[in-house]
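Residue-level listing of the chains:
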Amino acid sequence: MKRRTLLLLPAGLLLAACTSLPEGVRERRGRFSLQKTGYGAPEQFTGRFTLRTGPGLLRLDILTPLSGVIARIESTPRGATISRGLDEVVARGDSPESLMEETLGFSIPVSTLEAWLDGRPGPDALPAESWREGDWSVRVNGRLPDSTPSRILAVYENRGVRMRLTLLLDTPKP
């Protein structure tokens, strides 16, 4: 029995090291639903997301409902990339929003997504229940007991395109 414990200990330490975040990096997880109408046939996407932010880093992983990585949108001081899966870079550019518009035909404000998840209209703004950001109307529809947003609805309307993005945040683990 002791031998198994000793063999499992290094594996457990390795897994613990893999799941810890570098200092100053914040991770938010949740589910999303996106409905798009306008040009072409209506489209609907659902899945999970992981947003990591920190000094010089913004990484949004868009995941299948079972957490397989569909795409990664990353922004660093060197620029932005969109990848299919984890490592197949599809496009490079100046901002995640311009890359999304170029590759997907629509864009969500990835650069201010962390502020949205905090229930704020911008990085330095105070929490609010609803606000406008460009062509997006954002509303906090639910909060956890500590007042952290748990459900956010964002609606985009411009040039005949309408998108409805619902974000459901996972409860942070202590």
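Residues numbered from 1 in each chain as written. Predicted model: local features only at pLDDT ≥ 70, side-chain atom pairs only at ≥ 80, totals over all residues. Heavy atoms only, no water.

1. A short note on the pattern of salt bridges
Per the stated rule, a full pass over the model turns up 13 salt bridges. Measuring nitrogen to oxygen at the nearest pair gives 3.3 Å for the salt bridge that ties Glu114 to Arg26. Taken together, the residues Glu114 in helix H3 (residues 113–117) and Arg26 in strand E1 (residues 26–37) connect sequence positions 88 residues apart. Since its relative accessible area comes to 23%, Glu114 is described here as partly exposed. Among the ionic pairs, Arg48 bridges to Asp170, the shortest N-O distance being 2.8 Å. (Salt bridge = Lys/Arg side-chain N within 4 Å of Asp/Glu carboxyl O. Helix = DSSP H or I, 4+ residues; strand = E, 2+ residues; numbered from the N terminus. Buried < 20%, exposed > 50% of the residue type's maximum accessible area, 1.4 Å probe, protein only.)

2. Things to note about helix H2 (residues 96–104)
Think of an α-helix as 3.6 residues a turn; residues three or four steps apart then line up on the same face. Listed as buried for H2 are Pro96, Glu97, Leu99 and Met100. Each buried residue of H2 sits inside an arc of 160° when the element is viewed along its axis, so together they form one side. Here the buried face of H2 lies against strand E4 (69–76), strand E5 (79–84) and strand E6 (88–93). (Arc of directions from axis to C-beta. Contact = heavy atoms within 4.5 Å.)

3. Description of the packing of aromatic side chains
Applying the stated rule across the entire model yields 2 aromatic pairs. Each ring, one from Trp116 and one from Trp136, has its centre 5.7 Å from the other, and the planes form 65°; the classification is edge-to-face. Of this pair, Trp116 sits in helix H3 while Trp136 sits in strand E8 (residues 136–143), and the two are 20 residues apart along the sequence. Aromatic pair Trp136 and Tyr156: ring centres 5.3 Å apart, planes at 50°, arrangement tilted. Residue Trp136 is found in strand E8, and its partner Tyr156 is found in strand E9 (residues 149–158); the two are separated by 20 residues along the sequence. Among the residues examined, Trp136 registers a relative accessible area of 5% and is labelled buried. With relative accessibility at 11%, the residue Tyr156 sits in the buried group. (Phe/Tyr/Trp six-rings, centres within 6.5 Å; stacked < 30°, edge-to-face > 60°.)

4. Thoughts on the environment of Ser107
Looking at the secondary structure, you find Ser107 in the loop between H2 and H3. Classification of Ser107 as buried rests on a relative accessible area of 13%. With 11 residues separating them in the primary sequence, Ser107 and Pro96 have C-alpha atoms 8.4 Å apart. Those residues in contact with Ser107, other than ones at most four positions away along the chain, are Glu97, Met100, Glu101, Trp136 and Met163.

5. Considerations on the environment of Asp170
Among the structural elements, Asp170 can be located in the segment after strand E10 (161–169). Put simply, Asp170 and Arg151 are 19 residues apart on the chain and 9.5 Å apart in space, counted from C-alpha to C-alpha. Not counting residues up to four positions away in its chain, the partners in contact with Asp170 are Arg29, Gly30 and Arg48. Among the polar contacts listed, one links the side chain of Asp170 to the side chain of Arg48, at a separation of 2.8 Å. (Polar contact = N/O pair within 3.5 Å; in protein donor to acceptor, adjacent residues only side chain to side chain.)

Keep in mind these values describe shape, not function.
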